[in-house]
Amino acid sequence: MRYPVEFFLALVLTSFAAFGQKTKPALAASSPFPVGAALSPRYLHKHPEYTAVAIREFSSVTAENAMKPRGLSRGRGKYHWSTADSLADFARKHRKQLHGHTLVWHESVPEWVKSFSGDPAAYEAILQEYIFDVGTHFRGKVKSWDVVNEALSDSAGAMRKSVWLTHLGPGYVARSFRYARQADPDAKLFYNEYGVEYDSVKLAAALRMVDDFRQRNVPLDGIGLQMHISISTPEAGIRKALREFARRGLLVHISELDVRINTTKDSLLNETPELFAKQAEKVRQVVRAYVEEVPPAQRFAITTWGVADPNSWVMKFRKKEDYPLLFDKNYRPKKAYFAFLDGLTPNPSSRERAAGRKPGRGGQTGN
Ligand code: G3I
């Protein structure tokens, strides 16, 4: 691919800007665990500032959409690899770990699967083939996978309706993990979920699932807590969720962090400095809670869902003005960015608390 001269110029300028301001140290370089961002080829290599920040600040990459079933699958046994491969190349070139997202998700079911009809064995074969094909394609390129995403509903911890639940029953979740392990024995396998930090019933259901998997030797290595939260999400729930999964010895990934400041019903927002300060405080709380509640060996990464505010999914999906990420529209670090750095250093008082606490089991579950 050829880049225009302006691209390189902007890359140099943003790097200088980063040096000139009190922005550094870059997030990943300051963190004892990987710090990631969800990236999209719509911006990468097309927007120089986006690309420069992605290279400079993060040590881990998740594909925001390119590695989902609807991004990859074009029919049974037919795949569109090039977009996802370009992200994998970017990660390899810049020595970032690549987190695969996601093999199975009710919201990303290819059209041909929606119109498929067959008995449960036929659906099982489709699921197994897909996981095998994709898992082997990215073997050696990804460090980890979100194997199943959001299998729990928001109603009293029940299973979420999906093509897979309808045709295969709830056992599809555990079997997906077994297929993923066969496809890529070296990848760390995650269950990824949202809302467990503010919905205690959903948290309890997720913990039951984890306990059940461990009892049955389902190969689950880690939990992804998406962490799409707002400035009003209580810290206590965030800590409780992190603590409960850490206690079970799982790797813990804060996998899709963003913090909304628009908690009003209005589509437009008067974005005041106070709101950005509250956002920074919430980011600090999340990072600090992660450091204090999750033992070092179980800290997989914290990943933000996007790079800069205008790239975020939030405005499009919630149809509300918002500014949920760590970089502003000019790719300048926000208060929330510095709060992230600050959160990496535990409070002395909580350090003592942590020292008095029994560490998690440290190892990974399953095999
Ligand atoms: O690229 C096409 C474009 O060509 C087309 O013109 C346009 C028309 O709407 O659609 C574009 O694709 C959209 C894509 O985002 C890129 O903007 C898809 O329709 C849209 O469905 C897709 O939304 C993504 C969503 O997951 C569904 O896959 C969001 O970007 C992505 O941020 C969001 O991410 C999810 C995680 O995977 C799971 N957790 C929640 C999180 C937020 O919803």
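Residues numbered from 1 in each chain as written. Predicted model: local features only at pLDDT ≥ 70, side-chain atom pairs only at ≥ 80, totals over all residues. Heavy atoms only, no water.

Draft legend 1. Expanded view of the packing of aromatic side chains. Evaluation of the coordinates by the stated rule reveals 15 aromatic pairs. An angle of 65° between the planes, with centres 5.2 Å apart, marks the rings of F327 and Y337 as edge-to-face. Linking F327 in the loop between α13 (313-318) and α14 (335-343) with Y337 in helix α14, this pair joins segments that are 10 residues apart in sequence. Take F327 and Y337: they sit in the same class, and that class is buried. (Phe/Tyr/Trp six-rings, centres within 6.5 Å; stacked < 30°, edge-to-face > 60°. Helix = DSSP H or I, 4+ residues; strand = E, 2+ residues; numbered from the N terminus. Buried < 20%, exposed > 50% of the residue type's maximum accessible area, 1.4 Å probe, protein only.)

Draft legend 2. Here's a closer look at the site of the ligand. E64, K68, H101, E256 and K316 are the nearest of the 16 residues found near the ligand. Here an oxygen atom of the ligand and a side-chain polar atom of K68 are 2.7 Å apart. The contact in question runs from a nitrogen atom of the ligand to an N or O atom on the side chain of Q226, over 3.0 Å. Listing elements by their share of the shell around the ligand, those giving two or more residues are β5 (97-105) and α13. Ranked by residues supplied to the shell around the ligand, first place goes to α13 with three residues. Looking at the shell around the ligand, its residues break down into four nonpolar, five polar and seven charged. (Near = heavy atom within 4 Å. Polar contact = N/O pair within 3.5 Å; in protein donor to acceptor, adjacent residues only side chain to side chain. Nonpolar A, V, L, I, M, F, W, Y, C, P; charged D, E, K, R; others polar.)

Draft legend 3. Quick peek at the packing of helix α7 (residues 120-137) against helix α9 (residues 172-183). As a packed pair, α7 and α9 sit with axes 8 Å apart at the nearest point and diverge in direction by 35°. Crossing of α7 over α9 shows right-handed handedness. On the side of α7, the interface is formed by E124, L127, Q128, I131, F132, G135 and T136, while α9 contributes Y172, R175, S176, Y179, A180, Q182 and A183. Looking at the contact of α7 with α9, its residues break down into seven nonpolar, five polar and two charged. (Axes fitted to C-alpha atoms, helices over the stretch in contact; angles between N-to-C directions. Left-handed = near helix turned anticlockwise from the far one by under 90°. Contact = heavy atoms within 4.5 Å.)

Draft legend 4. Up close: the nonpolar core. Within the largest apolar cluster, 100 residues are counted, with the highest numbers of intra-cluster contacts made by L39, W145, W164, Y172, F177, F245 and F340. In terms of residue count, the dominant contributor to this core is helix α12 (residues 273-293) (eight residues). Here F177 is in contact with V147, V148, L189, F190, Y191, F213, V218, P219 and L220, once residues within four sequence places are set aside. (Core = buried A, V, L, I, M, F, W, Y, C linked by side-chain atoms within 4.5 Å.)

Functional significance is not addressed by these values, which are geometric in nature.
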